[in-house]
Structure formats: C-alpha cells, structure tokens
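Report on the structure
In case you want the letters, here they are:
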Amino acid sequence: MQLITDKQGLTGTIQVPGDKSISHRSIMFGALAEGTTTVTNFLHGEDCLSTIEVFRALGVEIEDSPDKIVVHGKGWDGLQKPTGILDVGNSGTTIRLMLGILAGRPFDATIKGDASIAKRPMGRVMSPLREMGAIFEAKEANFAPVKVTGAKLEPMEYTLPVASAQVKSAIIFAALQADGETTIIEKEKTRDHTEQMIRQFGGEIDVTDLTIRVTGGQRFVGQEVVVPGDISSAAFFIVAGLIVPGSKIRLENVGINPTRTGIIDVVKAMGGKITVEEIHAVGDEAAGTITVETSDLVGTEIGGDIIPRLIDELPVIALLASQAKGQTVIKDAAELKVKETNRIDAVVAELSKLGVQITGTDDGMIIEGHQKLHGGKVKSYGDHRMGMMLQIAALLADSDVELENAEAIKVSYPTFFEDVRSLY
Ligand code: S3P
C-alpha cells in the first residue's frame, strides 16, 4: 500500500478506539461472571474479536453489535469443553491469559494462533502455572499450539522473572481457581487492568507495592464496562502531532492509567508540548484529553522501570527520537524481541530504509536525532504497531513510501488510516 507522505499542519480531534488490554479482559471477566455484562467502546480489532470467538467456542453466548457487546456469563462452571481447537489469531494476550483460565477448568482444550504466536514464548506462562499443578503439552516444549488438560490448582508464591502483565494476569486467573491464597511479586509494575477488573466485577485482590495477593474460589457478578480509548493507539498521533511541522492534535477520552502513561513522561522529558486535561473516571479507570503541538525536542535516555509503562509505544518513540536534537538511548527493553515480531530488529531495519541513523543493541536502540526521512519500500512484519509507526514516519518522507502488509493494523486500530486522513 502507498502510504500518505510529505504532510504538514496536521490539525483536528480524534477519538482513538477502545483500549485493547481492557477490551480483552472485559470479555474474559464477563464470561466468568454470573449475569449479563455490557461493554461499550469495545475495540473491534482482530485481537479482541479473537477473544470473543474463543469464549463462544467455550459455550459462552456473546452478542456483538457496533455500539456494544453483551456477554451472558454463567460463572466459571459455564465454560464448556470446546468441540474444536481454540484459535487466538495474532493475540498474545488472548493465548497467555486463556492458559491461566483453562488450566483449572475440568476439561481438555487445545489452543493455537498464527505464525507469529507459534514463535512467541509460552514457557514464561506455562512454567509458573505448572508449579500450581497445571498440565500442558506444547510443541517443542514452550510454543503454541498448547494442549491444556484441566487440573486441580494449588496456590503458590511466585516472583516474576520478567516484567509482563500477560504472565501476571495468567497466574491471577489460575490463582482465582486455586484453593487458598497465591502471592505474586512483580519485578516492575506492569499494567494492572486485571486487578482493576477483579474489583469492578465484585472480587477482591490485595496489591501492596509490587506484591499481589489473591484468593481462589471468588465469584464475579456481571457489570457495565465502559472502555476508555487506548493510549497505545493514541501514541501514533501524539508522535505525529509533535514531529509533523505546524501540527496541533487533540485526542479525546484516552485512558491514562498510570501503568500506561510512560510515553507522556518521555515526551515531557524531551521538551514536547503535551497537555492532559478533562480528566474523568471511566468505570474504574481514568481518561483524559491529550493535546500535542509541534515541538523542538531533545534526545533522552529511556530505561529502568518506565519500560513496562511504554513497552508497546517504543517503536513510535524511536521515530520521535529521530526528530529530536541529539541522541536518544533506549535500554532495558529486551522484551521488544518477543513481541508480535522482534521489534528491535524490525524498527532498526525499517527506519534505516527511510534514512534514519539507528542502531540496535541487546536490550534497545540508539537513535540519532534531526534525521531527514526519504521514501522507500518498507514492511510491517505482520505487526500492527510497526505498520502504524511506518505510516507516521512516512508523513515526514519527501518521496513515496510503499508499505507491505499494511492490513496488519487491523489487529488494534482498524480505522487508523481514515483517522490519519482526517487530520489534513
Ligand atoms: C498486554 C501486556 C503487554 C503488552 C501487550 C498487552 C496485556 O505484554 O505488550 O500488548 O494486555 O496484558 P507483556 O505482558 O508480554 O509485556
């Protein structure tokens, strides 16, 4: 696909689609709860639709219309043995959290995904769940497809070796089915939407700093969930507004859960003009209006415990850094290698093709500033965030940019290209 290139003066207001992490969890808790759950501003991206299909295959009735999703939950025991293989498509969140849910159900199920999922590590989830008594059979030990044989789960104490909300959430779902209290200690604070939603659905979870305690045998009650806009989707327009000359972009109703707002801190540290106003509660989460304007930026160092708070935004932050004065160093971000694609290699390869001086390291990237971008042929690697980052890069390119596999963006932001067009 030919990308939109050489634009100036992007102005306008965008309502980014619903948060992907919260949309997934709204279906999961809705299915496990007793009674009806309605979800508004649900993200109709391919990943979240995969979660709906997985629960339908487990016997849960879910009505899907453009303005709302209705989940008819029948409690934990409402899940039934599926007739076929459960397919998560490209969704890492779906497969990892489902392993925690399925581990304690009294039936067998096999779960698989696309070619990217087949390469992503599942051992990080299966290993702690096995300590709780879960039974898995997986291809080459640690990769999908995974056959789950439902088992009786025991509580445990577990210190997470990686900062991952997916691993943490899978253990929480297993702990909710175990007999007793499980303690999970995080390495660094990661997104806490699972913990928030347990409370919203009438359950209990204790979080003290990095220690989480959760007791099994809890029952949940159907709720009305309103999903805030996804800051990880807003990130593409935050960066566009800062680097495209003469721009001012307003992003309404963006989720600003503090475990997700690392990009705002980085933009401020780089001297970017960014404001967050009209802060309001959206269910148990917070949202606000983010406004950005073209800014003179300076390079920075990004590492340490901010990384989990902006992990999905790092590809587009690398682009942002290429327009700042001086060098930017991203470190402590080896997790980028196990995302939808290896995002260190992919960002370095594709931004280099457009003229950016960027070097990959073992745990991040080093990006030179004040780079002029030119045209070229780039690829998304089937990774939605790579595709969207490259479209924002193309806005600065002085000649044609052709993107291979642009459809990948449908995973999290089906209307992305329309929203870019609405700004000029
Ligand atoms: C997610 C957690 C993160 C993130 C992913 C969504 C979630 O993954 O990258 O896009 O919804 O829990 P990790 O937990 O593997 O870091």
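Just so it is clear, the model here is predicted, and its values are computed rather than measured. (Residues numbered from 1 in each chain as written. Predicted model: local features only at pLDDT ≥ 70, side-chain atom pairs only at ≥ 80, totals over all residues. Heavy atoms only, no water.)

1. Quick notes on the UniProt feature "domain: Enolpyruvate transferase" (unreviewed entry) in the chain
To keep it simple, the criterion reads: UniProt positions are given in the numbering used here, feature names are shortened, and annotations may be inferred rather than shown by experiment. For helices the rule is a DSSP run of H or I covering at least 4 residues; for strands it is a run of E covering at least 2, with both sets numbered from the N terminus onward.
UniProt feature "domain: Enolpyruvate transferase" (unreviewed entry): in the numbering of this structure it lies at residues 7-419. As a span, residues 7-419 carries 29% helix and 26% strand, and end to end its C-alpha atoms are 14 Å apart.

2. Observations regarding the packing of aromatic side chains
Counted only if it meets this: Two rings from Phe, Tyr or Trp (for Trp, the six-membered ring) form a pair when their centres are within 6.5 Å of each other. A pair whose planes differ by under 30 degrees is stacked, one over 60 is edge-to-face, and the rest are tilted. Here's how the labels work: a residue is buried when its accessible area is under 20% of the maximum for its type, exposed when over 50%, partly exposed in between, all with a 1.4 Å probe on protein chains only. Lysine and arginine charges are scored as sitting over a ring when NZ or CZ, respectively, is within 6 Å of the ring centre and within 35 degrees of the ring normal.
What the rule picks out here adds up to 8 aromatic pairs. Relative to Phe-173, the ring of Phe-29 has its centre 5.1 Å away and its plane inclined at 40 degrees; by these criteria the two rings are tilted. You can see Phe-29 sitting in helix α1 (residues 20-32) and its partner Phe-173 sitting in helix α5 (residues 165-175), a full 144 residues away along the chain. Comparing Phe-29 with Phe-173 shows no difference in burial state: the two are buried. Arranged with centres 5.4 Å apart and planes meeting at 65 degrees, the rings of Tyr-413 and Phe-416 form a pair that is edge-to-face. Of the two residues, Tyr-413 and Phe-416, both sit in the buried class. A connected cluster of aromatic rings, assembled from ring pairs, spans Phe-236, Phe-237, Tyr-413, Phe-416 and Phe-417. Of note, Lys-7 hangs over the ring of Tyr-424, and the distance from its end group to the ring centre comes to 4.5 Å.

3. Points about the sheet that holds strand β9 (residues 157-159)
Note the threshold: By this definition, two strands are paired if DSSP reports at least two bridges between them. Only C-alpha atoms enter the line fits that serve as axes; for helices the fit covers just the stretch in contact. Angles between N-to-C directions range over 0 to 180 degrees. The contact criterion used is simple: two residues touch if any of their non-hydrogen atoms lie within 4.5 Å.
What the 4 strands build is an open sheet, ordered β9-β10-β12-β11; its pairing is mixed. Strands with a single pairing partner mark the edges of an open sheet, and in this sheet they are β9 and β11 (206-208). Put simply, the sheet's adjacent strands are angled 15 degrees from each other on average, direction ignored. Pairing between β9 and strand β10 (residues 181-185): 3 bridges, direction parallel. Bridging from a neighbouring strand, Tyr-158 pairs with Ile-184 of β10. Contacts from α5 reach β9, β10 and β12 (211-215), with the element oriented near 170 degrees to β10.

4. Some details on the domain arrangement of the chain
It is common to give the size of an interface as the accessible area that goes away when the parts come together. Spelled out, the test is: An automatic or database domain assignment provides the domain bounds reported here. Basic side-chain nitrogens of Lys or Arg form a salt bridge, by our definition, when they fall within 4 Å of a carboxyl oxygen of Asp or Glu. Put simply, Ala, Val, Leu, Ile, Met, Phe, Trp, Tyr, Cys and Pro go in the nonpolar bin, Asp, Glu, Lys and Arg in the charged bin, and everything else, Gly too, in the polar bin.
Domain boundaries assigned for the chain yield domain 1 (11-17 + 228-421) and domain 2 (20-226). For domain 1 and domain 2, the distance between their C-alpha centroids amounts to 28 Å. Summed over the shared surface of domain 1 and domain 2, the number is 3 salt bridges. Two residues, Asp-312 and Arg-191, come together in a salt bridge whose shortest N-O distance is 3.3 Å. By residue class, the composition of the side of domain 1 that touches domain 2 is 8 nonpolar, 8 polar and 11 charged.

5. Section: the UniProt feature "binding site: 3-phosphoshikimate" (unreviewed entry) in the chain
The condition that has to hold: A pocket, in this scheme, is an open set of points on a 1 Å grid over the protein atoms alone with protein on both sides within 12 Å along at least 5 of 7 lines, while a cavity is a set where a 1.4 Å probe fits but cannot get out; residues line either one if an atom lies within 4 Å of a point. Under this definition, polar contacts are N or O atom pairs within 3.5 Å; protein pairs additionally need one hydrogen-donor-capable and one acceptor-capable atom, and for neighbouring residues in sequence, both atoms have to be side-chain atoms.
What UniProt calls "binding site: 3-phosphoshikimate" (unreviewed entry) maps, in this numbering, to Lys-20, Ser-21, Arg-25, Ser-164, Gln-166, Asp-312 and Lys-339. From this annotated list, the subset lining the largest pocket comprises Lys-20, Ser-21, Arg-25, Ser-164, Gln-166, Asp-312 and Lys-339. Taking relative accessible area as the criterion, Gln-166 reaches 16% and is therefore assigned buried. Position of Asp-312 among the secondary structure elements: in the loop between β17 (301-302) and α9 (314-321). In contact with Asp-312, not counting residues within four places along its chain, are Arg-191, Ser-232, Lys-339, Arg-343 and Arg-385. Reaching out from Asp-312, the side chain makes a polar contact with the side chain of Arg-191 at a distance of 3.3 Å.

6. Observations regarding the layout of surface pockets
Selection criterion: Grid points are joined across faces, edges and corners, and a volume is the space filled by probe spheres set on the points.
Quantified by volume, the largest pocket comes out at close to 560 Å³. Lining the largest pocket are 39 residues, and of these Ala-163, Ser-164, Ile-311, Glu-335 and Lys-339 lie nearest its centre. It is α1 that provides the largest number of residues to the lining of the largest pocket, a total of 4 residues. For the lining of the largest pocket, the per-class residue count stands at 10 nonpolar, 11 polar and 18 charged. Inspection of the lining of the largest pocket shows a minimum of three residues originating in each of domain 1 (11-17 + 228-421) and domain 2 (20-226). Empty space within the second largest pocket amounts to approximately 240 Å³. Here the lining of the second largest pocket is built from residues that sort into 5 nonpolar, 4 polar and 4 charged.

7. Things to note about the sheet that holds strand β18 (residues 328-330)
Strand order in the open sheet formed by 4 strands is β17-β18-β20-β19, with mixed pairing between adjacent strands. Every other strand in the sheet has two partners, leaving β17 and β19 (358-361) as the edge strands with one partner each. Direction of pairing for β18 relative to strand β20 (residues 364-367): antiparallel, over a ladder of 3 bridges. Bridge pairing links Val-329 to Ile-366 in β20. Of the strands in this sheet, β19 and β20 touch helix α10 (residues 343-353), which is tilted by about 165 degrees from β19.

8. With respect to the pattern of salt bridges
Counted under the stated rule, the structure contains 23 salt bridges. Two residues, Glu-181 and Arg-213, come together in a salt bridge whose shortest N-O distance is 3.9 Å. Placement of Glu-181 in strand β10 and of Arg-213 in strand β12 is noted, with a sequence separation of 32 residues between them. The class for Glu-181 is partly exposed, based on a relative accessible area of 45%. Exposure remark for Arg-213: the relative accessible area of 33% places this residue in the partly exposed category. Glu-340 is paired through a salt bridge with Arg-343; the nearest N and O atoms lie 3.0 Å apart. Side by side, Glu-340 and Arg-343 carry an identical accessibility label, which is buried. Ionic contacts of the salt-bridge type, sharing partners, join the residues Arg-120, Arg-191, Asp-312, Glu-340, Arg-343, Asp-383 and Arg-385 into one network.

9. Details of the nonpolar core
Short version of the rule: Nonpolar cores were defined as sets of buried Ala, Val, Leu, Ile, Met, Phe, Trp, Tyr and Cys residues, with membership established by side-chain atoms within 4.5 Å.
Phe-237, Ile-243, Leu-251, Leu-319 and Phe-416 are the most contacted members of the largest nonpolar core, which totals 75 residues. Per-element accounting of this core gives the leading share, 10 residues, to helix α7 (residues 231-243). When neighbours within four sequence positions are excluded, Phe-237 is seen to be in contact with Ile-14, Val-16, Ile-249, Leu-251, Val-292, Tyr-413, Phe-416, Asp-419, Val-420 and Leu-423.

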